[in-house]
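An overview of the molecular structure
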Amino acid sequence: MEHITLLLAIVIVTALVFDFTNGFHDTANAMATTISTGALKPKVAVGMSAVLNLVGAFLSVEVAKTISGGLINEQGIRTEVIFAALVGAILWNLFTWLLGLPSSSSHALFGGLIGATLMSVGTSGVNGGVVITKVLIPALAAPVVAGLAALLATRLTYRIGRRTDDKATAKGYRAGQIASAGLVSLAHGTNDAQKTMGVITLALVTGGVLAPGSNPPMWVIVSAGMAIALGTYLGGWRIIRTMGTGLTDLRPQQGFAAQTSAATVILASSHLGFSLSTTQSCSGAVMGAGLGRKGGVVRWSTASRMFIAWGLTLPAAGLVAAGAEFLTGQGTWGIAAVAVLLVAISGAIWLASRRRPVDHTNVNENEAAADGMTEGAGTGEPAGVVTTAIAAVTPPPTAGAAQELSTTIPAPGPTDPAGEPARTATV
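A quick note: this is a predicted structure, and the numbers were derived from the prediction, not measured.

Let us look at the overall build of the protein. For the protein, the count of helices and strands is 16 helices and two strands. Expressed as a percentage of its 427 residues, the buried residues of the protein come to 51%. When contacts within the protein are restricted to residue pairs at least 6 apart in sequence, long-range pairs at least 24 apart make up 83% of them. Surface summary for the protein: the accessible area is close to 18,900 Å², and the carbon and sulfur share equals 68%.

This is the structure we're talking about:
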């Protein structure tokens, strides 16, 4: 570590900041359904997830090697390129967190690396085959596979338990959901913490500290694990709300099926070195579980916003990173300008989030209640034309309702024409 320059140290710190944002951005992947079904209290859930994220960081380095030695060519890449890539990824993470959209931190990082590399050395710096086989194909396949697995698992779960009482089995499913949530947290640490390890290792290679193709040093593994664990503990409550109550209404059986399916897909991909998005896997599993229960629904307006965010993540992070790389290429003042802009924009996003804060005390409130909207409970969508029309044209009250609404209205004068005391009229 004695050869680490000031710029390299800045890049390492920035990478750990990205890892921190990855932690609080993706906490929802593991714990949103557990919190929404009441299996665990919010603070307990994120604490458990943080510990297992840290443990998971030590289980494998296959994904880290994919990033540090496969996604882009190490030769000719300057340390400033990695700094610019991290700036693009961090700002996209914070922006989507502010909107409560569970976008992919992984793809934000990949987009940043690709955009900054293209700006720096052109297309020769990006390994197109690796991008297609280990980024784009898993991105398309992961939510579909996890969703189908969760749909089938949900239907199987309900079929097996069709002769049992829901209340009697709910406790058991909540226990199973806690176990499966722990498995997702472990998988998240195994897959996502490695991405930061890979970036730091790549920075150390470009800075001449490590030889090309080296595995992440132990201090890199420890620091990346601790950063993602800290971010996880603080909890990305906005995204937890969207994943837990914004996409669909989950019961313990569905939560168990969704998390078990997602964990299986993530762990399998980590073993194979596929750097897929844990967000997309978990979101696909939640939607599959929502459709797997008879009468269950998915709120496609929320899902469509999420799909748009997924599609924009790679190009948006890449464009920001390319702009940052253009500035860093101007010299020391450009690097300082990018650092100042990163801090300023991050601070502005945080201040904007304080206008409508979401934390562990209100994370299970649906968006409609939080926004004062009027459509059915839990939908999280504004009242549409049909809902407004129905509310305006209400049918006359029934006889029972008329009795409940009865009241007394005083007669106009103190006495009637016959001189008798005034009587009251009941309506």
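For the protein, per-residue confidence averages 77 on the pLDDT scale, and residues scoring 70 or more make up 78% of the total. By mean pLDDT, helix α15 (residues 385-392) is the weakest element of the protein at 36, and helix α13 (residues 332-353) is the strongest at 93. The low-confidence segment residues 368-409 (pLDDT under 50) makes 36 contacts with residues lying over four places distant or belonging to another chain. Across residues 415-427, confidence stays below pLDDT 50; counting only partners more than four residues off in sequence or on other chains, it has 18 contacts.

Moving on to the environment of A179. Looking at the element boundaries, A179 is found in helix α7 (residues 166-206). Given the relative accessible area of 53%, A179 is considered exposed. Expressed as a C-alpha distance, the spacing of A179 and F256, which sit 77 residues apart in the sequence, is 8.6 Å.

Moving on, we come to empty space enclosed by the protein. A full pass over the atoms with the stated rule returns two cavities of 30 Å³ or more. If you go around the largest cavity, the residues you meet are A28, N29, A32, T33, V184, M243, A258, Q259, A262, C282, A285 and V286. Ranked by the residues each element gives to the lining of the largest cavity, the list is headed by helix α1 (residues 6-36), at four residues. Of the residues assigned to the lining of the largest cavity, the class counts are nine nonpolar, three polar and no charged.

Taken as a whole and assessed by the stated rule, the structure comprises two salt bridges. Put simply, R78 and E80 hold a salt bridge, and the shortest N to O gap is 3.3 Å. Across the salt bridge formed by E325 and R78, the nearest N and O atoms sit 2.4 Å from each other. With E325 in helix α12 (residues 300-328) and R78 in the loop between α3 (62-71) and α4 (79-99), this pair connects stretches of sequence that are 247 residues apart. Judged by its relative accessible area of 4%, E325 falls in the buried class.

The next point concerns the environment of A337. Relative to the helices and strands, A337 is located in helix α13. C-alpha of A337 to C-alpha of L327: the two residues are ten residues apart in sequence and 7.6 Å apart in space.

What follows concerns the side chain of T328. Its location among the elements puts T328 in helix α12. With relative accessibility at 2%, the residue T328 sits in the buried group. Once residues within four sequence positions are removed from consideration, T328 is found in contact with E80, F83, G334, I335 and V338.

With that settled, the discussion passes to the layout of surface pockets. In this structure, the second largest pocket spans a volume of roughly 450 Å³. Forming the boundary of the second largest pocket are 21 residues, of which F20, F24, L94, W97 and W350 lie nearest the centre. Breaking the lining of the second largest pocket down by element, the ones donating at least two residues are α1, α4, α9 (237-246) and α13. Across the lining of the second largest pocket, the residue classes tally to 13 nonpolar, five polar and three charged.

Given two aromatic rings, one states the distance between the centres and the angle between the planes to describe the pair. Under the definition given, this model contains four aromatic pairs. Seen in terms of ring centroids, F24 and W97 are 5.6 Å apart; in terms of plane orientation they differ by 75 degrees. Their pairing is edge-to-face. Here F24, found in helix α1, pairs with W97, found in helix α4; they are 73 residues apart in sequence, far enough to count as distant. Here F24 matches W97 in class, with each residue buried. Clustering of aromatic rings is evident, with ring pairs tying together F20, F24 and W97. The aromatic ring of Y233 is capped on one face by K43, whose charged end is 4.9 Å from the ring centroid. In this structure, R238 is placed above the aromatic ring of W97, and the distance from its NZ or CZ to the ring centre is 5.6 Å.

Below, the discussion takes up the nonpolar core. Ranked by internal contacts, the top residues of the largest apolar core, which has 85 residues, are L86, L113, I240 and M243. Broken down by element, this core gets its largest block of residues, 13 residues, from α4.

Quick look at helix α11 (residues 278-292) now. Helix length check: α11, at 15 residues, gives a terminal C-alpha distance of 21 Å against a target of 21 Å (1.5 Å per residue), a fit within 8%. Of all the 15 residues making up α11, 14 are buried; the element is thus mostly covered by neighbouring parts of the structure.

The rules behind the values
Residues numbered from 1 in each chain as written. Predicted model: local features only at pLDDT ≥ 70, side-chain atom pairs only at ≥ 80, totals over all residues. Heavy atoms only, no water. Helix = DSSP H or I, 4+ residues; strand = E, 2+ residues; numbered from the N terminus. Buried < 20%, exposed > 50% of the residue type's maximum accessible area, 1.4 Å probe, protein only. Contact = heavy atoms within 4.5 Å. Areas by Shrake-Rupley, 256 points an atom, 1.4 Å probe, with all protein chains shown as cover. pLDDT = per-residue confidence, 0-100. 1 Å grid on protein atoms, 1.4 Å probe; cavity = no way out; pocket = protein on both sides within 12 Å on 5 of 7 lines; lining within 4 Å. Points joined across faces, edges and corners; volume = space filled by probe spheres on them. Nonpolar A, V, L, I, M, F, W, Y, C, P; charged D, E, K, R; others polar. Salt bridge = Lys/Arg side-chain N within 4 Å of Asp/Glu carboxyl O. Phe/Tyr/Trp six-rings, centres within 6.5 Å; stacked < 30°, edge-to-face > 60°. Lys NZ or Arg CZ within 6 Å of the ring centre and 35° of its normal. Core = buried A, V, L, I, M, F, W, Y, C linked by side-chain atoms within 4.5 Å. Expected span 1.5 Å × (residues − 1).

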